[in-house]
Structures are given as C-alpha cells and as structure tokens.
Amino acid sequence: MIDFIQGTIINTNPQTLLNNPKFDFTGEFNPDTGFCRKTVKTSFVKDYFKGIEIKVFDTNRITISGSLHKFYNNGAHNYNDFHYSNFQESVEEVSSYFQIDSKNIHLTQLEYGVNITPPLPSFDILKNCLFHEKTEFKNGYVRHGTYKQAFKGQKRLIKCYDKQAQYSNDYSLPNQILRVEVKLLDMYHLRNTHSICTLNDLYNTPFEFFREPLLKAWDSIVFVSPYLDNQEEYLTLSNPQYWYSIFEKSKATIKRHKDNLKELNRIDGKNLKNQILNLIDSKITELQELPLGGLVENRVCLITGISISMQRVDSSLLSVNGLRYYYKHQKRVYLEVKNKYLSKKWVNDDLETQINEIAHNIRNKKSNLTIKKRRFIDIGQLSFAIH
C-alpha cells in the first residue's frame, strides 16, 4: 500500500556515507570537495540501491527517495501486492543497508494506494474518470488513456492508472490491474494532526490508517459508468464542459448534480463505481494481514534455526515481522527466542521495543560471526604466506 517516499536524513554525517566503500556515489566529482562540478548553486552525488536513491549535497543535506514497493521487488516493479509486513521488512532493509536509523528519515512526500483487479478493462474505467471533486483529470506519462492524475490544492495528487499497460514492455501480465493512489506532496497534515513525521512513524502506522482517505479519494471522483443505456445521457455527463458549467453554480447545485450522477451510476450503471470502492476496501484489509500461504516453505533463520517461511523469500534472518508472527501464532517459540536474544536491559519494555531489540541482536550475531570468519581466513592466509 505504501509506495513512493521522499525524505530528508538528519543526524547523519555525509562523510560517513561518502567514505563507505559499499556505496558507489556518482557524479562529476571535484577531487577537493568530493562533490560534482556543476554551474548550478547546489550540486550533489547520488547512489542507487534497488531503486532507492540517496543524494548527498554540497550543503551537507542528505535526501532519500524511491518506491519501497519496487525496492521489495529488487527495484523491478510494483504491480503485485505489497503487504504491511513486506513494507516493514523493506524499511528494515533500507535502514540496514544505508546504516541510517528510520527515526532520522524525516518524510517530505508519500504515496499510498492499492492494485486491484477491476470488473472491466482499466482503460474503460480511466476514460470515465473525469474530475476529482472539481479538478479535472489529465492524462499522465504512462500511455495515452492509461494514466490519469488530478492535483488537489497542489498538496495532494490523485492518480489512477493501468498497471498492465505500464509494464506491457517488460512483463506479460495475464490480468487487468488498476491502481488507485494518493500522493502527498506536503506532509503538513500527517505531521501536525497525526504525528507521522519520520519513516519510523510510518513503519509503526498500520495500513488501516490510510483506508478512509483512499476510499474518500475514489468516492470524490466524478465518474460516469460506461454501462449507462441512454447514450445521449452518457455523452452529456461524460463531457467535461458540462461539469465545468455545473461547477460555476452554488455548492448546493453542485452537490445535487453529483448525487444524481451517483444514483444514476448505481441504478443504471451496474453500480460500477461502488464495485471498485468495495474492491479497494477489501484490498486494504488483505494487505494489512500477513501474505497468504503461512509456513509452507522450508526456510530457516541462519542464527536461530527456526522457520522464517512467513518472511520474504530472500530473507535469511528472523526479522521483526517473523517475531510478530510467532508472538501471535506460536507463543512458545517466541518466548524461547526472547529468552535467548533479549538482553536484561529491555525485559521491562513494551512488546514492540522488545521485538525490535531481539531482531537487532540476531542481526548483530550474524554480523559478528561474519567478522570472525573473515579474521580466521585472513590469519590462515597469513600463515600460508609465512610458510
């Protein structure tokens, strides 16, 4: 459900990132400053990892941006389902790879939305999305008629597009995929009303939080069902100029015309708009849960030796989401891991703190074992050289 994020990184020394050999910052470098030569006032160098971009500016400002959904799919795509547990694993991996605490990533933009299988081709739905409230939808960049967007007060962008068409050159997707999405270009409301300021705050925010605003965004669209039998009526209602003339009238008149359209869509238009609303609602519920399938694969944590089949397929260590799964479904296993990997310092803290510390200690143990192995190899190579 969470997709694109953009943020500013604080409490982080830029040189720590620039000097880390695992990063490959690119740009036209100035050997004296480490930054690229540009004629503009602000220059920067950047590094990509699975679609997530880090920029380090010559002003010492650091930014991060990219799709966490694509990141989960190794930077390839975001047409599949992205569950809450997948989102949290992605945040953990981004923090681990860039060695940046998610509490130090202050969000400046955010996208959230869902992919659904529509009841008819996405193209037929999109061409009948006319306005969001009083803002006309415009064709976007994917392909003509396959992507639409509408600005709301320059702080919010409502987007609807055909995922199957978007990825037609790279993937052969068997089913229609319609995405409905909201992009926040300003975090003022979430920051001041709901205290969602950082990536860590978002990490601890269930997808349920975004249900009402996403459903409201779709419900506020002026949509004309293509199933309307009266062709003359359909042509009138689907003409943007008709609605522009309505929008010049009083609020009561605008509301009456919109309500009449909703009723017409419901009775004569096979209730198509509400069908899509219900699909969005159901998908949010689905994404909040763990992916279907449960413990079906034989994958185990490299440190604890217990199953991590409920986690993403490329994970190798028991993570926060795996620990949550065991706490909910196999409490005995959770308590065994807790007794072994939670230090006494955290025994009186809340559950989420304990789970995060257990996962942290498991990662540390793996890291320490890797360092010991490298030292052993180095000593062996030195001994061989001496002999």
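Draft legend 1. The arrangement of the sheet that holds strand β6 (residues 129–132) in detail. One open sheet holds the three strands; their spatial order is β7-β6-β12, and the pairing between them is antiparallel. The sheet terminates laterally at β7 (135–136) and β12 (221–223), the two strands that pair on one side only.

Draft legend 2. Region of interest: the environment of Thr198. Examined against the element boundaries, Thr198 turns out to sit in the loop between α6 (188–194) and α7 (199–203). Taking the C-alpha atoms as reference, Thr198 lies 6.9 Å from Ser102; in sequence the two are 96 residues apart. Ignoring sequence-local partners within four residues, the contact set of Thr198 consists of Ser102, Lys103, Ile105, His106 and Leu107.

Draft legend 3. Region of interest: the packing of aromatic side chains. Summed over the entire model, instances satisfying the criterion amount to 23 aromatic pairs. Here the aromatic rings of Tyr84 and Phe207 are separated by 5.3 Å at their centres, their planes lie at 70 degrees, and the arrangement is edge-to-face. One end of the pair, Tyr84, is in helix α3 (residues 84–98); the other, Phe207, is in the loop between α7 and α8 (211–219), with 123 residues separating them in the sequence. Comparing Tyr84 with Phe207, the two get one shared label, buried. An aromatic cluster of three or more residues is present, and its members are Phe23, Phe25, Phe49, Phe71, Tyr97 and Phe98. Geometry around Phe71 places Lys50 over its ring, the cationic atom sitting 4.6 Å from the centre.

Draft legend 4. Looking closely at the nonpolar core. In terms of nonpolar packing, the biggest core is built from 82 residues, with Ile2, Ile54, Leu68, Leu202, Trp218 and Ile280 touching the most fellow members. Filtering out sequence-adjacent residues up to four positions away, Ile2 remains in contact with Leu68, His69, Phe82, Phe87, Leu110, Glu111, Tyr112, Leu202, Phe207 and Phe210. Core analysis: the next-biggest nonpolar cluster, separate from the first, contains 13 residues, Tyr234, Trp243, Ile246 and Leu261 among them.

Draft legend 5. Local environment of the confidence of the model for the chain. On average, the chain scores 85 in pLDDT, and the residues at 70 or more come to 84%. The model gives residues 37–42 a pLDDT under 50, and that stretch makes ten contacts with residues more than four places away or in other chains. Segment residues 382–387 is flagged for pLDDT under 50; beyond a separation of four residues in sequence, or across chains, it makes zero contacts in the model.

Draft legend 6. Structural detail: helix α13 (residues 320–329). The element α13 is extensively covered by neighbouring structure, given that seven of its ten residues are classed as buried. Taken as a whole, α13 has its buried residues at Val320, Asn321, Gly322, Leu323, Arg324, Tyr325 and Tyr326.

Draft legend 7. Looking closely at unusual backbone geometry. Phi is positive for Gln99, which is not a glycine, with a value near 55 degrees. Inspection of the secondary structure assignment puts Gln99 in the loop between α3 and β5 (105–116). The phi torsion at Lys270 lies on the positive side, around 55 degrees, for a residue other than glycine. Judged by its relative accessible area of 53%, Lys270 is exposed.

Draft legend 8. View of the side chain of Ser238. Position of Ser238 among the secondary structure elements: in the loop between α9 (231–237) and α10 (240–247). Side-chain polar atoms of Ser238 contact the backbone oxygen of Leu235, separated by 3.4 Å. If near-sequence neighbours (up to four positions away) are discounted, Ser238 is found in contact with Leu130 and Val224.

Draft legend 9. Broad picture of the pairing of strand β10 (residues 156–162). Most of β10 sits out of view: six of its seven residues are buried. Bridge count between β10 and strand β11 (residues 178–184): seven bridges; the pairing is antiparallel. Residue pairing across strands places Leu157 opposite Lys183, the latter belonging to β11.

Draft legend 10. A look at α10. Every buried residue belonging to α10 is among Trp243, Ile246 and Phe247, and all of these are buried. Seen from one end, α10 has its buried residues packed into an arc of 95 degrees, which puts them on one side. N-capping of α10 is provided by Asn239, with a side-chain oxygen placed 2.9 Å from the backbone N of Gln241.

Draft legend 11. Spatial organisation of the pattern of salt bridges. Applying the stated criterion across every chain, the model contains 17 salt bridges. Measuring nitrogen to oxygen at the nearest pair gives 3.9 Å for the salt bridge that ties Lys127 to Asp124. Taking relative accessible area as the criterion, Asp124 reaches 23% and is therefore assigned partly exposed. Note that Lys262 and Asp219 form a salt bridge whose closest N and O atoms lie 3.4 Å from each other. In this pair, Lys262 is assigned in helix α11 (residues 251–267) and Asp219 in helix α8, connecting sequence segments 43 residues apart. If you follow the salt bridges from partner to partner, you end up with Glu111, Lys159, Arg179, Glu181 and Lys183 in one network.

Definitions and cut-offs
- Within each chain, residues carry numbers counting from 1 in the order of the written sequence.
- Per-residue local features are limited, in this predicted model, to residues with pLDDT of at least 70; the limit for side-chain atom pairs, both in listing and counting, is 80 or more; totals at the level of whole chains, interfaces and linings are taken over all residues.
- As a rule here, side-chain values cover all heavy atoms of the structure and leave hydrogens and water aside.
- Two strands make a pair as long as DSSP finds a minimum of two bridges between them.
- Comment: elements are numbered from the N terminus, with helices defined as DSSP H or I runs of at least four residues and strands as E runs of at least two.
- The contact criterion used is simple: two residues touch if any of their non-hydrogen atoms lie within 4.5 Å.
- Aromatic rings from Phe, Tyr and Trp, with only the six-membered ring used for Trp, were paired whenever their centres fell within 6.5 Å, and each pair was classed as stacked if the ring planes differed by under 30 degrees, edge-to-face if by over 60, and tilted otherwise.
- Note on classification: 1.4 Å probe, protein chains only; a residue is buried when its accessible area is under 20% of the maximum for its type, exposed when over 50%, partly exposed between these limits.
- Any Lys NZ or Arg CZ found within 6 Å of a ring centre and within 35 degrees of that ring's normal is scored as a charge over the ring.
- The nonpolar core is taken to be a set of buried Ala, Val, Leu, Ile, Met, Phe, Trp, Tyr and Cys residues, with the residues joined through side-chain atoms within 4.5 Å.
- pLDDT gives the predictor's per-residue confidence on a scale running from 0 to 100.
- The definition of a polar contact used here is a pair of N or O atoms within 3.5 Å, where within protein one atom must be able to donate a hydrogen and the other to accept one, and adjacent residues in sequence count solely through side-chain atom pairs.
- This arc is built from the directions going out from the helix axis to the C-beta atoms.
- Definition used for salt bridges: Asp or Glu carboxyl oxygen within 4 Å of a side-chain nitrogen of Lys or Arg.

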